[in-house]
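Reading the structure
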Amino acid sequence: MHTRRRFLRAAALGLLGGALPTAVRAQGIETAKILVGFPPGGTTDVMARKIAEKLRGPYARSVIVENRPGAGGQLGVTALRDSPADGSTLLLTPSSMLTIYPHTFKSLQYKLEDVAPVSLAMYTHHVLSVGPAVPDSVKTLKEFFAWAKANPDKATYGSPGAGSMPHLIGVLLTKAGGADLRHAPYRGSAPGIQDLLGGQIAAFLGPAGDVIAHSKAGKVRVLGVSGKERDAFLPAVPTMREQGYAIALREWYAFFMPAKSSADAVQRASAALQQVITQPDVAEFGRQFGMEMLSSTPRQLADVLKADAAEWSSLARETGFTADS
């Protein structure tokens, strides 16, 4: 099974190290905004708001978050593409929208050339969680698949969007577990988690940070972690691979600007973000939501994006995975 080899290799090359850039000033930007392709309340939105708070002053006098939910995060990318290329607009997005979607959707309203890489921001594992629709006796993936086979009318799982990495993990698990799980794509994690808590769906696959608080409160049970190793924030939960399912995936998130942005504008935004993302209180805040913070230069992000897009193209061909899977 493929892993995030490219990402790990990039991290090993020094994305976490090196001297911080010198202080950055607003340089004429009165109001900047961070686009998020998901509803308020999800991990991407929460982290964007924290980073926006830190960018006020050093980057622009005012920095706001603008949610553009829809199409599994695609609307955020198209909104960025159509935004002014003057340094005032950034997008924070999971990698799926740019590395997986081009290979899983028959048509997209955007392409990789529509965005300019600015900086990596963070990464997370995805987890499969079950809610009140599944009996308390179900505590492992194997037991969940056995329950799903015995209750096919209730065997549903949600994801933050069709064609995304969580959706792919769900398809791979479904095949490996031999259960006919029906996929329910949502406009981000927040509405899917609400349906999970309400018993409208049996399970949800998404970022670990979206369920950590609910897990601690006993409202959901996390059955498996997608990464090669256990999640630092859910150490008691075994990986999917530990349970016999050949999956080892985690997802990075990053900042982008419109493709026509000047090199100077991109560098100024990247320098400001590198300062913010590496601050100890931001790293601690990220950990509360299952996120490991990780910044980069524009070139380093461009290299990771290019390599991952090629890897996902190969994986999509090998598995036949599409947004309609």
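Right, let's walk through the structure included here.

Quick notes on the rules
- Residues numbered from 1 in each chain as written.
- Predicted model: local features only at pLDDT ≥ 70, side-chain atom pairs only at ≥ 80, totals over all residues.
- Heavy atoms only, no water.
- Phe/Tyr/Trp six-rings, centres within 6.5 Å; stacked < 30°, edge-to-face > 60°.
- Helix = DSSP H or I, 4+ residues; strand = E, 2+ residues; numbered from the N terminus.
- Buried < 20%, exposed > 50% of the residue type's maximum accessible area, 1.4 Å probe, protein only.
- Lys NZ or Arg CZ within 6 Å of the ring centre and 35° of its normal.
- Core = buried A, V, L, I, M, F, W, Y, C linked by side-chain atoms within 4.5 Å.
- Contact = heavy atoms within 4.5 Å.
- Salt bridge = Lys/Arg side-chain N within 4 Å of Asp/Glu carboxyl O.
- Axes fitted to C-alpha atoms, helices over the stretch in contact; angles between N-to-C directions.
- Left-handed = near helix turned anticlockwise from the far one by under 90°.
- Nonpolar A, V, L, I, M, F, W, Y, C, P; charged D, E, K, R; others polar.
- Expected span 1.5 Å × (residues − 1).
- Polar contact = N/O pair within 3.5 Å; in protein donor to acceptor, adjacent residues only side chain to side chain.

If you walk through the whole model with that rule in mind, you get six aromatic pairs. An angle of 65 degrees between the planes, with centres 5.6 Å apart, marks the rings of Phe145 and Tyr245 as edge-to-face. In this pair, Phe145 sits in helix α6 (residues 141-150) while Tyr245 sits in the loop between β8 (221-225) and β9 (250-258), placing the two residues 100 residues apart along the sequence. The class for Phe145 is buried, based on a relative accessible area of 2%. Among the aromatic residues, ring-to-ring pairing joins Phe144, Phe145, Trp147 and Tyr245 into one connected group. Above the ring of Phe285, the side-chain terminus of Lys50 is found at 5.1 Å from the ring centroid. Arg250 extends its terminal NZ or CZ atom over the ring of Tyr123, reaching a point 3.7 Å from the ring centre.

Here we come to the nonpolar core. One finds Ile34, Leu55, Tyr59, Trp252, Phe255, Phe256 and Met293 to be the most contacted residues of the largest nonpolar core, which totals 53 residues. Non-local contacts of Ile34, meaning those with residues more than four positions away in its chain, are made with Ala48, Ala52, Leu55, Val63, Ile64, Val65, Glu66, Leu90, Leu92 and Phe255. Val138, Trp147, Ala179 and Ala202 belong to the second-largest nonpolar core, a separate cluster that totals 31 residues.

Attention now moves to the pattern of salt bridges. Applying the stated criterion across every chain, the model contains 13 salt bridges. In this structure, the salt-bridge partner of Arg68 is Glu66, at a minimum N-O distance of 2.8 Å. Taking the relative accessible area as the measure of exposure, Glu66 reaches 21% and is therefore partly exposed. Residue Asp82 is joined to Arg81 by a salt bridge in which the shortest nitrogen-to-oxygen separation is 2.9 Å. Overall, the relative accessible area of 29% leaves Arg81 in the partly exposed class. The network of salt bridges with shared partners includes Lys33, Glu66 and Arg68.

A word on the packing of helix α7 (residues 165-177) against helix α12 (residues 298-319). At a minimum axis distance of 13 Å, the contact between α7 and α12 shows a crossing angle of 35 degrees. For the element pair α7 and α12, the recorded crossing hand is left-handed. Along its contact with α7, which presents Met165, Leu168, Leu172 and Lys175, the element α12 presents Trp312, Leu315 and Thr319. Among the residues making up the contact of α7 with α12, the classes are represented as five nonpolar, one polar and one charged.

A few words on helix α2 (residues 43-55). For α2, which comprises 13 residues, the first-to-last C-alpha distance of 18 Å matches the rise-based estimate of 18 Å (1.5 Å per residue) to within 8%. The buried fraction of α2 is high, at ten of 13 residues. Restricting attention to buried positions, one finds in α2 the residues Thr43, Thr44, Asp45, Val46, Met47, Ala48, Lys50, Ile51, Ala52 and Leu55. Downstream of α2 by one or two residues, Gly57 has phi in the positive range, about 105 degrees.

Here the focus is the side chain of Glu251. Relative to the helices and strands, Glu251 is located in strand β9. The buried category is assigned to Glu251, whose relative accessible area is 2%. Of the polar contacts made by the side chain of Glu251, one reaches the side chain of Ser95; its length is 3.2 Å. Here the side chain of Glu251 touches His126 through a polar contact of 2.7 Å, side chain to side chain. With residues up to four places along the chain from it excluded, the contact list for Glu251 reads Pro94, Ser95, Ser96, Met122, Tyr123, Thr124, His126, Met165 and Pro166.

The residue Thr89 is located in strand β3 (residues 89-94) in this model. When residues no more than four places from it in sequence are discounted, the contact partners of Thr89 are Lys33, Leu35, Leu80, Ser83, Pro84, Phe256, Met257 and Pro258.

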